[in-house]
Amino acid sequence: MRLLLALLAGSLFGTGLFLSGMTDTTKVQGWLDIFGNWDPTLAFVMGGAILPMAIAWRLTAGRRPLAATAFPARPAPVIDRRLVCGSVLFGIGWGLAGLCPGPAVASLSYGGLGGLVFMLSMLAGMGVAPTIGARLDRIAAAA
């Protein structure tokens, strides 16, 4: 049951990304090009994700999910070096490639070498991130 719900949710998410234009790299880069040919339509995509999620967080208080024992805890609102560095790297990658993890996976379904190269690079970055993070933590602790 849990795998079926995950498949359904993932398929719905991927379809939403495709229909909203989030898998179109030129549309995403147009959203980020605020001093050029700016395309504000992705603001509606973000709003369409943020508003329902804010409502869902409110409605889940005290409830139990259908396919798990508990909902995940709300993340701590801590802004630290790791969050800032990760956000900067995410933004640079998003701006250069026009893709982030969700749309990258969805874009694999319609082929193209660019999406595959991005996905492999993203997975490599995810693989080395813990090692680099631990090394940076050791350097910061020594300073």
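Residues numbered from 1 in each chain as written. Predicted model: local features only at pLDDT ≥ 70, side-chain atom pairs only at ≥ 80, totals over all residues. Heavy atoms only, no water.

## Details of the pattern of salt bridges
Move 1: Applying the stated rule across the entire model yields 3 salt bridges.
Move 2: The partner of Arg 81 in a salt bridge is Asp 137, and the shortest N-O contact between them spans 2.8 Å. One end of the pair, Arg 81, is in helix α4 (residues 81-97); the other, Asp 137, is in helix α6 (residues 113-142), and 56 residues separate them in sequence.
Move 3: On the accessibility criterion, Asp 137 (28% relative accessible area) is partly exposed.
Move 4: Across the pair Asp 137 and Arg 82 runs a salt bridge, and its minimum N-O distance is 2.6 Å. Here Asp 137 is found in helix α6, whereas its partner Arg 82 is found in helix α4, with 55 residues between them in sequence.
Move 5: In this structure, a network of salt bridges that share partners links the residues Arg 81, Arg 82 and Asp 137. (Salt bridge = Lys/Arg side-chain N within 4 Å of Asp/Glu carboxyl O. Helix = DSSP H or I, 4+ residues; strand = E, 2+ residues; numbered from the N terminus. Buried < 20%, exposed > 50% of the residue type's maximum accessible area, 1.4 Å probe, protein only.)

## A short note on the nonpolar core
Move 1: With 8 residues, the main nonpolar core is built from Leu 17, Met 22, Val 28, Trp 31, Leu 42, Trp 94, Cys 100 and Ala 106.
Move 2: Core analysis: the next-biggest nonpolar cluster, separate from the first, contains 5 residues, Leu 99, Ala 104, Phe 118 and Met 119 among them. (Core = buried A, V, L, I, M, F, W, Y, C linked by side-chain atoms within 4.5 Å.)

## Notes on the environment of Leu 123
Move 1: Assignment of secondary structure puts Leu 123 in helix α6.
Move 2: For the pair Leu 123 and Pro 101, spaced 22 residues apart in sequence, the C-alpha separation works out to 9.4 Å.

## What about the layout of surface pockets?
Move 1: Quantified by volume, the largest pocket comes out at close to 690 Å³.
Move 2: Lining the largest pocket we find 23 residues, and of these Gly 86, Leu 89, Phe 90, Gly 125 and Ala 129 sit closest to its centre.
Move 3: Broken down by element, the residue count for the lining of the largest pocket peaks at 11 residues, all from α6.
Move 4: Classifying every residue of the lining of the largest pocket gives 15 nonpolar, 5 polar and 3 charged.
Move 5: Counted as a void, the second largest pocket has a volume near 390 Å³.
Move 6: Residue classes in the lining of the second largest pocket are distributed as 9 nonpolar, no polar and 1 charged. (1 Å grid on protein atoms, 1.4 Å probe; cavity = no way out; pocket = protein on both sides within 12 Å on 5 of 7 lines; lining within 4 Å. Points joined across faces, edges and corners; volume = space filled by probe spheres on them. Nonpolar A, V, L, I, M, F, W, Y, C, P; charged D, E, K, R; others polar.)

## Some thoughts on the side chain of Thr 23
Move 1: In this fold, Thr 23 is placed in the loop between α1 (2-20) and α2 (25-32).
Move 2: Its relative accessible area of 7% is what places Thr 23 among the buried residues.
Move 3: What Thr 23 contacts, discounting residues up to four positions off in sequence, is Leu 17, Phe 18, Leu 99, Pro 103, Ala 106, Ser 107 and Tyr 110. (Contact = heavy atoms within 4.5 Å.)

## What to know about the state of the cysteines
Move 1: The full count for this structure, using the stated rule, is 0 disulfides.
Move 2: Unpaired in terms of disulfides, Cys 85 finds its nearest cysteine sulfur in Cys 100, a separation of 19 Å. (Disulfide = S-S within 2.5 Å.)

## Structural notes on the side chain of Ser 20
Move 1: Mapped onto the elements, Ser 20 comes out in helix α1.
Move 2: There is a polar contact of 2.9 Å between the side chain of Ser 20 and the backbone oxygen of Gly 16.
Move 3: Of the polar contacts made by the side chain of Ser 20, one reaches the backbone oxygen of Leu 17; its length is 3.1 Å.
Move 4: Excluding residues within four positions of it along the chain, Ser 20 makes contact with Lys 27, Leu 42 and Val 45. (Polar contact = N/O pair within 3.5 Å; in protein donor to acceptor, adjacent residues only side chain to side chain.)

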